[in-house]
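Residue-level listing of the chains:
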Amino acid sequence: MVIMYFEEVRQKLLNEAIASPNLLSDLAGLENYIAESYNNRSFIELLQNADDAKASKFKILKKSDLLFVANNGRVFNQMDLESLCRSASSNKLRGETIGYRGIGFKSVVGFAKEIHLFSGDIELTFSKELTKTEISQADRVPLIRIPHKISESENNRFSQIKNELMSEGFTTIFVFTGITADEIESEFESFKYNSLLFLKNIVKTEITLNNTTITEVIKTQINDSQFKSTLKSNNEVSNWLISNDNQTAIAFSIINNEIVKMPKEESLVHAFLPTEDTNGFGVLINGNFSTDPSRRHLIFDSETKESIKQSSLQIIKLIKECINNEDKDSIGKINALIPYSDPRMLQFTKNSFVKSLLDEMKLTDIEFFRQIKLPPSWLNHNDYLKLIPNKTNSLNSNHYAIDGFISLLKFLGAKETNFDEIKNTINISDISVLGCVQITQYLFKSILTFGNTKESEILNLKILFSGGTRKSISELSEESRFDDSFVSLLLENGLTEFDIKQVLKKYSLTIPLKSEQNTSEQSNLIIDNIKENTFSVEDWFNYSSKQENYNTSKPTLRKWRSAEEQTLEILNMNGFKLEDVSKQNIGFDLSGTDPNGNEIQIEVKSITLPGQKFRLTNNEIAVAQIKQKSFFVAIVRQTDEFLEIALVSDPVNNLSLNRQCVQWIWECESYEYKPMKFKI
């Protein structure tokens, strides 16, 4: 029966060629064009065809001038054979398979003279020489059009390897003869192994040219819509989290068990197999996108637009799921889903995938994002959370610290909280010096800009610092003095001395803004008496003579991590309960409790040599003045073998600080450095 349909297909194609040799010549030109368009993508097309045949294994083997390409999928039938021979005559259905045009296999003519096929009972040859013999009136002939019976001598030439492949379970084998070495090497060099990520069936590939490269995909199901995928390619391993939804999928890169944002140039659009178009986010996005014949670039037809819409639905769904969670994976997902370009600026650019996707995202769930309350642009998030009466629709600090997330939320419809919504909680909230400065700056600017509209509102607000305590304008007198650090922060945050005096004048106040105190006066080191059996952070870290006793735990320190990250891990392993707040710009890097449960704030300063100068900003000094003994400076030094951490309590009173006119920072050049060492 197989021989009968082979002859039936062959005879039909042969009769067409004899009847129209000019058409055959035209098909030869089309074949060459396809091969040129698919340059360096033939391996991918063969991989795609294997996946569509429901193969789980795919193998490429080069032996001398022979190239074997095998898979263990469904064997060829009559319809498959005819589709293979014809151009743009596929029996595949779009959406159910990767390929659907019926032209991809023609790309292989760029690196072989003859192609032989073994699948089930089918054994045939594609050869230009044999076709020319039968269609002599054609000026030129295509390679893949007329199937021929394979000669016995040719079959014997590669029967040993063919039989070995069949014994390994491969059911369909292509043999390419007269191959071009340079073309094959180029194909191999351009082949990306993450091409396997979105395939439906193939989990193992083996490619042997000069050396053998074996790639395996190991999938671990998490739930109905997510699975983890590990790609192992010889000694290289990459891990991915794949999120599926409808006919789209998003792949998150996992490095050191953390979801990380992919580089922009690597974040490609996949039409099951990778295109060369970037998607503008830090992930891989797969969908039923239309591509040009080369499969390199998208075509923005109705199918692509519909897939972009489905991708937007999935991204919004992921953001909504993660926005209420503070776990590491949720933070990683959101970070990876932040576009590389400001969404608002993309509106002025030409059409692209990322622009189309963001436009769809903006329309996906407007009501949800309108309910999200964002901190005002003039107020830090930490103090904002203390002031808002209803925290249900606000972001937590970890989300706020993600670069670009606030801009994206505003683009999607979220709104900033206005001053009237927080003014009634200012006096009863323990807001920071920075928060008071920011509120003062906002109100002073409003008064100067809009006149009397805010004058009554500010009168009784405790947002000014005088004598180390919070006071309102109504509590000030001509004898009052603002704290130097508070004035410095006001100046750093956009107010001028003239602005401050103009506002105070409205309340009939004339308060000097410069202190007569000698800011470079040096203080003696203060060491508090330590009560017996009571934990002291200073005492614990100053006990450096027996530092080996503190190396019993094994932190996973890595040299590439920041000083803040290293310090956070070390301290939390030794009884502290801290979180990283460095991105919030609130005057310290780490916040939480010490092993006794006492409140603690830590500003991390990195040095390369003991005794090296470090600097404290006005913001940090202002917070240190308020927090005093709960505020520490962690002086961190990393050597080739150790991480050293020295903790200094109450830096305003315990360190010698010189005020330097470099955007008003405080510089320390003399301190006692007695660190604890931790093995890297």
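Conventions we followed
- Residues numbered from 1 in each chain as written.
- Predicted model: local features only at pLDDT ≥ 70, side-chain atom pairs only at ≥ 80, totals over all residues.
- Heavy atoms only, no water.
- Salt bridge = Lys/Arg side-chain N within 4 Å of Asp/Glu carboxyl O.
- Helix = DSSP H or I, 4+ residues; strand = E, 2+ residues; numbered from the N terminus.
- Buried < 20%, exposed > 50% of the residue type's maximum accessible area, 1.4 Å probe, protein only.
- Expected span 1.5 Å × (residues − 1).
- Polar contact = N/O pair within 3.5 Å; in protein donor to acceptor, adjacent residues only side chain to side chain.
- Pairing = 2+ DSSP bridges.
- Axes fitted to C-alpha atoms, helices over the stretch in contact; angles between N-to-C directions.
- Core = buried A, V, L, I, M, F, W, Y, C linked by side-chain atoms within 4.5 Å.
- Contact = heavy atoms within 4.5 Å.
- Parallel < 35°, antiparallel > 145°, perpendicular 65-115°, else oblique.
- Left-handed = near helix turned anticlockwise from the far one by under 90°.
- Nonpolar A, V, L, I, M, F, W, Y, C, P; charged D, E, K, R; others polar.
- pLDDT = per-residue confidence, 0-100.
- Patch = residues over 30% accessible without salt bridge, like charges linked within 9 Å, V, L, I, M, F, W, Y side chains within 5 Å.
- Areas by Shrake-Rupley, 256 points an atom, 1.4 Å probe, with all protein chains shown as cover.
- Lys, Arg positive; Asp, Glu negative; His and termini not counted.
- Charge placed at Lys NZ, Arg CZ, Asp CG, Glu CD.
- Phe/Tyr/Trp six-rings, centres within 6.5 Å; stacked < 30°, edge-to-face > 60°.
- Lys NZ or Arg CZ within 6 Å of the ring centre and 35° of its normal.

1. Thoughts on the pattern of salt bridges
Argument step 1. Using the criterion set out here, one finds 24 salt bridges in the structure.
Argument step 2. Its salt-bridge partner being K605, residue E620 comes within 3.2 Å of it at the nearest N-O pair. Within this pair, whereas E620 is found in helix α23 (residues 618-627), its partner K605 is found in strand β22 (residues 599-607), the two being separated by 15 residues in sequence.
Argument step 3. The salt bridge partner of E644 is R637, with a shortest N-O separation of 3.2 Å. Per residue, the accessibility class of E644 equals that of R637, and both read buried.
Argument step 4. Overlapping salt bridges bring together K12, E16, E82, R86 and R145 as one network.

2. Concerning helix α9 (residues 302-323)
Argument step 1. Its 22 residues place the ends of α9 32 Å apart at the C-alpha level, agreeing with the 32 Å of an ideal helix rising 1.5 Å per residue.
Argument step 2. For α9, the capping residue at the N-terminal end is D301, with a side-chain oxygen 3.3 Å from the backbone nitrogen of E303.

3. Let's talk about the sheet that holds strand β24 (residues 631-638)
By definition, the strands of a sheet pair up through backbone hydrogen bonds, in either a parallel or an antiparallel sense.
Argument step 1. Taken in spatial order, the six strands of this open sheet run β20-β21-β22-β24-β25-β28, and their pairing is mixed. Lying at the two open borders of the sheet, with one neighbouring strand each, are β20 (577-580) and β28 (676-679). For this sheet, the mean angle separating the axes of adjacent strands, direction not counted, is 30°.
Argument step 2. Examined bridge by bridge, β24 and strand β25 (residues 642-649) share seven bridges and lie antiparallel to one another. Residue pairing across strands places F632 opposite S649, the latter belonging to β25.

4. Here we look at the environment of N223
Argument step 1. Structurally, N223 can be placed in the loop between β8 (212-221) and β9 (226-233).
Argument step 2. Put simply, N223 and S243 are 20 residues apart on the chain and 9.6 Å apart in space, counted from C-alpha to C-alpha.
Argument step 3. A polar side-chain atom of N223 sits 2.8 Å from the main-chain amide nitrogen of Q226.

5. Here's the deal with the nonpolar core
Argument step 1. Membership of the largest hydrophobic core comes to 58 residues, with the highest contact counts inside it found for I115 and F176.
Argument step 2. When residues of this core are assigned to their parent elements, the largest contribution, six residues, is made by helix α1 (residues 2-19).
Argument step 3. Other than its neighbours up to four places away in sequence, I115 contacts F105, V108, L124, T125, F126, L143, I144, F174, V175 and F176.
Argument step 4. Of all hydrophobic cores here, the second largest spans 42 residues; its members include I315, I323, F369 and F411.

6. Examining the environment of K317
Argument step 1. Here K317 shows up in helix α9.
Argument step 2. Spatially, the C-alpha atom of K317 lies 9.3 Å from that of D365, the residues being 48 residues apart in sequence.

7. Structural notes on the packing of α9 against helix α16 (residues 405-412)
Argument step 1. The contact between α9 and α16 brings their axes to 14 Å, and the two run at 120°. Considering their axes alone, α9 and α16 lie oblique with respect to each other. Where α9 crosses over α16, the handedness of that crossing is left-handed. Of α16, the residues touching α9 (which contributes I316, I319 and I323) are F405, L408, L409 and L412.
Argument step 2. Its residues assigned to classes, the contact of α9 with α16 shows seven nonpolar, no polar and no charged.

8. Examining the confidence of the model for the chain
Argument step 1. Mean pLDDT over the chain: 82, with 84% of residues reaching 70 or higher.
Argument step 2. Taken as a whole, residues 89-102 scores under 50 in pLDDT and shows 46 contacts with residues more than four places along the chain or in a different chain.

9. Thoughts on helix α10 (residues 328-336)
Argument step 1. Regarding α10, the residues found buried are S330, I331, G332, K333, I334 and A336.
Argument step 2. The backbone nitrogen of D329 has a side-chain oxygen 3.2 Å away, supplied by the residue at the start of α10, namely D327.

10. Notes on a negative patch on the surface
Argument step 1. A contiguous patch of negative charge, built from E326, D327, D329 and E579, is present on the exposed surface.
Argument step 2. Among the structural elements, D329 can be located in helix α10.
Argument step 3. When its relative accessible area of 33% is taken as the criterion, D329 is described as partly exposed.

11. Some points on the packing of aromatic side chains
Argument step 1. All told, the structure shown has 12 aromatic pairs when counted by the stated rule.
Argument step 2. With a centroid separation of 6.5 Å and an interplanar angle of 45°, the aromatic rings of W378 and F419 are classed as tilted. Of the two residues, W378 sits in the loop between β16 (373-374) and α14 (381-387) while F419 sits in the loop between β17 (415-416) and α17 (433-450), which places them 41 residues apart along the sequence.
Argument step 3. On the basis of relative accessible area, W378 is assigned to the buried category, the value being 18%.
Argument step 4. Accessibility expressed as a relative area gives 3% for F419, which makes it buried.
Argument step 5. Over the aromatic face of Y340 sits the side chain of K261, whose NZ or CZ is 4.4 Å from the ring centroid.
Argument step 6. Lying across the ring of F368, K320 places its NZ or CZ 4.9 Å from the centre.

12. Structural notes on the environment of I447
Argument step 1. Turning to its location among the elements, I447 is positioned in helix α17.
Argument step 2. On the basis of relative accessibility, which here comes to 1%, the residue I447 falls in the buried class.
Argument step 3. Separated by 55 residues in the primary sequence, I447 and Q502 have C-alpha atoms spaced 9.6 Å apart.

13. Digging into the pairing of β24
Argument step 1. Of all the eight residues making up β24, seven are buried; the element is thus mostly covered by neighbouring parts of the structure.
Argument step 2. As paired elements, β22 and β24 share seven bridges and run parallel to each other. Residue pairing for β24: E603 is matched across the bridge by V633.
Argument step 3. In this antiparallel pair of consecutive strands, β24 and β25, the connection spans three residues.

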